[in-house]
Amino acid sequence: IYIDTHPRVAYSISNVAKYYSFVMKKDSALHFSEKAYLAFVKFPEANTDIQYERIYMEYIYAYKVYYIQNVISISQTMDEVRIMYKMALKFTISKYGDNSLSSATIYRSLGNTYTDILCGFKKREKVKSFYFNQAILNYNKSILLTLKYLKPNSPSLSTLYFVKGLLYEYSYLKDSSEQAL
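In this convention, every chain numbers its residues from 1, walking through the sequence in written order. The predicted nature of this model means local features are confined to residues of pLDDT at least 70 and side-chain atom pairs, given and counted, to a pLDDT of 80 or more, with totals for whole chains, interfaces and linings taken over all residues. Here the side-chain values reflect all heavy atoms present in the structure, with hydrogen atoms and water set aside.

## Some words on the nonpolar core
A general feature of soluble globular proteins is that nonpolar side chains tend to end up buried together.
Then step 1. Put simply, a nonpolar core is a bunch of buried Ala, Val, Leu, Ile, Met, Phe, Trp, Tyr and Cys residues held in one set by side-chain atoms that sit within 4.5 Å of each other. Relative accessibility under 20% of the residue-type maximum defines a buried residue, over 50% an exposed one, and the middle range a partly exposed one, all with a 1.4 Å probe and only protein chains included. Ranked by internal contacts, the top residues of the largest apolar core, which has 29 residues, are Phe40, Ile55, Tyr56, Ile60, Tyr85 and Ile106.
Then step 2. A run of H or I in DSSP counts as a helix once it spans at least four residues, and a run of E counts as a strand once it spans at least two, with each numbered from the N terminus. Mapped onto this core, the elements with two or more residues apiece are helix 1 (7–22), helix 2 (26–42), helix 3 (53–68), helix 4 (74–96) and helix 5 (101–118).
Then step 3. It is helix 3 that contributes the most residues to this core, seven residues altogether.
Then step 4. In what follows, a contact means two residues having at least one pair of non-hydrogen atoms within 4.5 Å. Residue contacts for Ile106: discarding those within four places in its chain leaves Met57, Tyr85, Ala88, Leu89 and Thr92.
Then step 5. Residues Tyr114, Leu118, Phe121 and Leu167 belong to the second largest nonpolar core, which totals twelve residues.

Now the structure itself:
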């Protein structure tokens, strides 16, 4: 039997949070993912057979989804989320090295933080261009890493290309997204 703050317990709690994220129960998703995250950071990683970075990712996603709807500034929320993703990336790189599929997932999520801002963006073109370029940079890193491990016709890679295409649609013209896809 494990104590409440053991990483294996945190991982299980994170899976509960994942369920609540799936059914769009934002309060519960944030509650359980934060509980898992706080338990995990109190206890050093004791087992190498579990993908603990998923605890980070589940918490960050729940945080983003909860606070994106409950704040005045989406840019501020995305800045906070990017800091957390960069912490998760640092953890992942220390565990797996620079070129892992876990890192690819984080780069895609970083790209999503810029795409989230651009959806319905009506501000200056220079700022829009900055967010667009940051999203492209992160999506391209994710695609390059994913191509190292998966076949070109994998569902994960297809999703990456689709998300990159949506970025073009949100930012510019629909025909740009079709070309990217």
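Having seen it, we continue.
## Quick notes on the packing of helix 4 against helix 5
Helix-helix packing: each pair is described by the crossing angle between the helix axes and the interaxial distance.
Then step 1. Between helix 4 and helix 5, the least distance of the axes is 9 Å, while the angle of their chain directions is 170°. Here helix 4 is positioned roughly antiparallel relative to helix 5, judged by the angle of their axes. Here helix 4 contributes Ile74, Ser75, Met78, Val81, Arg82, Tyr85, Ala88, Leu89, Thr92, Ile93 and Tyr96 to the contact with helix 5, which in turn contributes Ser102, Ser103, Ile106, Tyr107, Ser109, Leu110, Thr113, Tyr114, Asp116 and Ile117.
Then step 2. Under the scheme applied here, ten amino acids are nonpolar (Ala, Val, Leu, Ile, Met, Phe, Trp, Tyr, Cys and Pro), four are charged (Asp, Glu, Lys and Arg), and all others, including Gly, are polar. Taken together, the residues of the contact of helix 4 with helix 5 break down into 13 nonpolar, six polar and two charged. To get an axis, a line is fitted to the C-alpha atoms, and for a helix only the part in contact is used. The angle between two axes follows their N-to-C directions and goes from 0 to 180 degrees. Angular relationships are summarised with four words: roughly parallel below 35 degrees, roughly antiparallel beyond 145, roughly perpendicular across 65 to 115, and oblique for the angles in between.

## Observations regarding helix 6 (residues 125–149)
Then step 1. Compared with the 36 Å implied by 1.5 Å per residue over 25 residues, the 36 Å span of helix 6 between its first and last C-alpha is a close match.
Then step 2. Every buried residue belonging to helix 6 is among Lys128, Tyr131, Phe132, Ala135, Ile136, Asn138, Tyr139, Ser142, Ile143, Leu145 and Thr146, and all of these are buried.
Then step 3. On the buried face of helix 6, the contacting elements are helix 4, helix 5 and helix 7 (155–171). To estimate how far a helix should reach, multiply one less than its number of residues by 1.5 Å.

## Considerations on the packing of aromatic side chains
Then step 1. Centres within 6.5 Å make a pair out of two Phe, Tyr or Trp rings, where for Trp the six-membered ring is used; the pair is then stacked when the planes are under 30 degrees apart, edge-to-face when over 60, and tilted otherwise. In this structure the tally under the stated criterion is 13 aromatic pairs.
Then step 2. Ring geometry for Phe40 versus Tyr56: centroids 5.8 Å apart, planes at 80°, classification edge-to-face. Pair noted here: Phe40 is in helix 2 and Tyr56 is in helix 3, with a separation of 16 residues, a long-range link.
Then step 3. Relative accessible area serves as the criterion here: at 11%, Tyr56 is assigned to the buried category.
Then step 4. Here the aromatic residues Tyr37, Phe40, Tyr56, Tyr59, Tyr63, Tyr66, Tyr67 and Phe91 are joined through ring pairs into a cluster of three or more.

## Details of the side chain of Glu53
Then step 1. The residue Glu53 is located in helix 3 in this model.
Then step 2. Apart from the residues within four sequence positions on either side, Glu53 is in contact with Phe91, Thr92, Lys95, Tyr96 and Ser102.

## Overview of the side chain of Ser14
Then step 1. Position of Ser14 relative to the elements: it lies in helix 1.
Then step 2. Judged by relative accessible area, which is 3%, Ser14 ranks as buried.
Then step 3. Once you skip the residues sitting within four places of it in the chain, Ser14 turns out to touch Ala36, Arg54, Ile55 and Glu58.

## A short note on the environment of Phe40
Then step 1. Accessibility expressed as a relative area gives 5% for Phe40, which makes it buried.
Then step 2. Residues Phe40 and His6 lie 34 residues apart in sequence; the distance between their C-alpha atoms is 6.9 Å.
Then step 3. Excluding residues within four positions of it along the chain, Phe40 makes contact with Pro7, Ala10, Tyr52, Ile55, Tyr56 and Phe91.

## Here we look at the pattern of salt bridges
Then step 1. For salt bridges, the criterion is a side-chain nitrogen of Lys or Arg within 4 Å of an Asp or Glu carboxyl oxygen. This structure, assessed with the given rule, holds three salt bridges.
Then step 2. The residue Glu53 makes a salt bridge to Lys95 at a minimum N-O spacing of 3.6 Å. In this pair, Glu53 is assigned in helix 3 and Lys95 in helix 4, connecting sequence segments 42 residues apart.
Then step 3. The exposure class assigned to Glu53 is buried, which follows from its relative accessible area of 4%.
Then step 4. Residue class for Lys95 comes out partly exposed when judged on its relative accessible area of 25%.
Then step 5. With a closest N to O distance of 2.6 Å, Arg82 and Asp79 form a salt bridge. Of this pair, Arg82 and Asp79 both sit in helix 4, three residues apart, which is roughly one turn of the helix.
Then step 6. With relative accessibility at 7%, the residue Arg82 sits in the buried group.

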